[in-house]
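Residue-level structural notes
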Amino acid sequence: MTATTLSAPASLSIWDAANSADARRPRSVQRQLGASDTICSRRAGYILAGTERTNAGDKRAAILGTYIHQGLLEDARREYGWLTERTVADGTLRGHIDVVQLDAATAARLPKRHRPAEPAAHLTVEDVKTKSSRVWDRVVRFGPTAAEMRQVLLYADLLRTVGFADVPGQRYLHRLGPIDVQRIRFRFVCRDTGEEHIEEFVFDEWLAAQARWWVDRVVEADSPEELRRDHDGPGLSVICDNCPFVHSCWPGVPPGRPAQTILVHDDEDRAKALADYVRAHERFREAKRVKEMARAMLDDSPEGNYGDNHLGWGGGNDKEESDVAAMVELFEDADLVVPMVPDEKAMIQILRRAGMVVPRRKAAGQKTARTIKVSRARKTS
Ligand code: SF4
């Protein structure tokens, strides 16, 4: 049997379907604050204010994360009987907890057919997070970010104060009322290797109150613009680059200039930014010195675990470059025309050797990169 090649429209990308489906997900359109929206105060403010979403951003990595997340949770539900994707809500917040592991005392209050096969030692709220290998080392070393911690604390707090939401499919859980969450757990999964890393914390009421206070500040604000931008803005933060409200948050940016220029209004702002620059440069200089010293000291050390860290070596391979002579031969064998474009580098060398000035002209529409020069302010007499 021979395979028939069917032509598909060249413009059709499978991502068009994925983006359209994602835009319809409740999370993408809801006006109520999701606990996962607490990544930035101002962004949370825009959601509550119903501000128009004008930036689609690049959601491909997030969508892949959603697919993996859904698959893992569905299999854990089927194989282990875990309570997955359960809704919690109050007047302000609404979200879905990935996993709730019930302890024996709480499970015993459920009808027999709904009890987990193996109750947990502690009533635990679990969040499954997929991460790329680019950030995996940071995840393993430092665990959840402050925003991730806030999200799970809010989920746990909703369970402790309200219980499961009264929605179809979980009415038997709602009837439990508020439940005594004792632990929160992060289950990180690397999107590229499948590696799994777990971090668990005892539920801390004071930290939960802090997370709640964060939400209350957002709710109390008269407008989103009163709220802090928790990220550095487009071009410097990938969260802002993909934020649906980036245009409302960074308005009136002059063309060709960084968005952050709108933060400087007067000489006082300039003085503060310069002071930040000098301080950061000093810290960077010292950190660079320490890093270079440590790198030099380790140069002949074998790979292995030392204390909290693993030493590995990469690189050291032969570099490859284009073999122009072989390419010319290939071109000639294939009856192709060998390009005779002037070789700029060689011409400059020849002119310099002959003691002639190399002619220069302005490159149309191109500018050299602007460099900042900061030194001590001169005293005026
Ligand atoms: S653009 Fe950045 S700072 Fe502004 S709301 Fe969005 S995430 Fe927050």
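Numbers given for residues are sequential positions, taken from 1 along each chain in its written order. Since the coordinates come from a predicted model, pLDDT governs what is reported: local features require at least 70, and pairs of side-chain atoms require 80 or more to be given and counted, while whole-chain, interface and lining totals use all residues. With hydrogens and water set aside, each side-chain value is computed from the structure's full complement of heavy atoms.

Some thoughts on the domain arrangement of the protein
Here the protein is partitioned into domain 1 (19-247) and domain 2 (264-296). Residue ranges for the domains trace back to a domain assignment, done automatically or taken from a database. When each unit is reduced to the centre of its C-alpha atoms, the spacing between domain 1 and domain 2 is 35 Å.

Notes on the packing of helix 1 (residues 14-24) against helix 4 (residues 60-80)
Angles run from 0 to 180 degrees between N-to-C directions of axes, and those axes are lines fitted to C-alpha atoms, restricted for helices to the stretch in contact. We count a stretch as a helix when DSSP gives it H or I for four or more residues in a row; a strand needs E for two or more, and each element gets its number in order from the N terminus. As a packed pair, helix 1 and helix 4 sit with axes 11 Å apart at the nearest point and diverge in direction by 75 degrees. Overall, the two elements helix 1 and helix 4 adopt an arrangement that is roughly perpendicular. Here helix 1 contributes Trp15, Ala18, Asn19 and Asp22 to the contact with helix 4, which in turn contributes Arg60, Ile63, Leu64 and Tyr67. Split into classes, the residues belonging to the contact of helix 1 with helix 4 amount to five nonpolar, one polar and two charged. In this scheme, roughly parallel covers angles under 35 degrees and roughly antiparallel covers those over 145, while 65 to 115 is roughly perpendicular and the rest are oblique. Whether two residues touch is decided by their heavy atoms; if any such pair falls within 4.5 Å, the residues are in contact. Charged means Asp, Glu, Lys or Arg here, nonpolar means Ala, Val, Leu, Ile, Met, Phe, Trp, Tyr, Cys or Pro, and polar covers whatever is left, Gly included.

Re the pattern of salt bridges
Note that side chains of opposite charge can pair when their charged atoms are close. One speaks of a salt bridge when a side-chain nitrogen belonging to Lys or Arg is within 4 Å of a carboxyl oxygen belonging to Asp or Glu. According to the stated counting rule, one finds 25 salt bridges in the structure shown. The partner of Arg77 in a salt bridge is Glu74, and the shortest N-O contact between them spans 2.7 Å. In this pair, Arg77 and Glu74 both sit in helix 4, three residues apart, roughly one turn of the helix. The buried label applies to any residue whose accessible area, calculated with a 1.4 Å probe on protein chains only, is under 20% of its type's maximum; exposed applies above 50%, and partly exposed to all values in between. A residue is classified by how much of its surface remains accessible, and Arg77, at 36% relative accessible area, is partly exposed. Arg185 serves as the salt-bridge partner of Glu200, at 2.8 Å between the closest nitrogen and oxygen. Of the two residues, Glu200 is situated in strand 6 (residues 196-202) and Arg185 in strand 5 (residues 183-190); the sequence distance between them amounts to 15 residues.

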